[in-house]
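Structural overview
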Amino acid sequence: MSKDSRRVGVIIVAAGAGVRLGRGMPKALVRCAGRTLLELALDGVRASAVAGHISVVVPPGDTELRAIVHAHDPSGLTITAVDGGPSRPESVRAGLAALPGDVDIVLVHDAARALTPPHVFHSVVAAVRGGAAAVVPGIAVSDTIKVVDGNTVTATPDRATLCAVQTPQGFDAATLHGAHAAAREHSSVTDDAMLVESLGTPVTLAPGDPLAFKVTTPLDLMLAEAVVLQARAQAQEDQ
């Protein structure tokens, strides 16, 4: 582990119920080509080698995801599991509190984006180290997006000005702590960048990757399984 990585912490949010996936269990427990999404997400963080500490946020009272965290080979990493809260910001806050006080860069990552490639982690950390207070990876939007009021279209934004945002999102630790301390309303917050934006702090865009898609529906899971199986087959051919 490098000296720089010891000052980077990753919060993996794995407290989602996965209702839209329809498996009747926390989404992070769902298996993708034989491994849980949480295991794949942990593998991705470890492969990136950007961090020294991982805090995994699990549903309160969970034992299965905690067992995965405890059994995972840390390879020099410090990995802990903490109970999440009733909202995403409260869950992230719990994960943030579990990181060491000397961490100066924090990445917030979704377990459901389990196939995020290492280069996305690298680009986000590099941007924060370069002076950005908050960084989000993103990719261009390919669909035409409509603004609607009920079932009536009210506007069509210019697609060139839109971006689909992914994780990990990276922050200067002091900025993220400050954004969570100032947060009052949680109902409409869907990512930590929104909290930082509410303070008037600029958020920088870094290159994302199509493989950082979020596993939300059964179709997403089918795609993720195909990607994992293809990667395994390619690795075997390369041996």
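Up top you'll find the structure we're talking about.
Now for a look at the structure at hand. Model, not experiment: these values are computed from the prediction. Every chain is numbered independently, its residues counted from 1 as its sequence is written. Predicted model: local features are reported for residues with pLDDT of at least 70 only, side-chain atom pairs are reported and counted for 80 or more only, and whole-chain, interface and lining totals are derived from all residues. Here the side-chain values reflect all heavy atoms present in the structure, with hydrogen atoms and water set aside.

**Some thoughts on the side chain of His180**
Considering the arrangement of structural elements, one finds His180 in helix H5 (residues 173-182). A contact between two residues is defined here by any heavy atoms of the two lying within 4.5 Å. His180 has contacts with Pro89, Val92, Arg93, Leu96, Asp192 and Leu195, leaving out every residue within four places of it along the chain. Elements are defined by DSSP. Helices are runs of H or I of four residues or more, strands are runs of E of two residues or more, and each kind is numbered from the N terminus.

**Some details on the environment of Gly76**
Structurally, the position occupied by Gly76 is in the loop between helix H2 (64-71) and strand E5 (78-83). The buried label applies to any residue whose accessible area, calculated with a 1.4 Å probe on protein chains only, is under 20% of its type's maximum; exposed applies above 50%, and partly exposed to all values in between. Given a relative accessible area of 52%, Gly76 falls into the exposed group. Sequence-wise, Gly76 and Ser142 are 66 residues apart; in three dimensions their C-alpha atoms are separated by 40 Å.

**As for the pattern of salt bridges**
Salt bridges are identified by distance alone: a Lys or Arg side-chain nitrogen within 4 Å of an Asp or Glu carboxyl oxygen. For the structure shown, the criterion picks out seven salt bridges. Arg46 serves as the salt-bridge partner of Asp43, at 3.5 Å between the closest nitrogen and oxygen. Of the two residues, Asp43 and Arg46 are both situated in helix H1 (residues 37-48); the distance of three residues between them amounts to about one turn of the helix. Taken together, the salt bridges that share partners define one network made up of Arg35, Glu39, Asp43 and Arg46.

Honestly, it's all geometry; don't read function into it.
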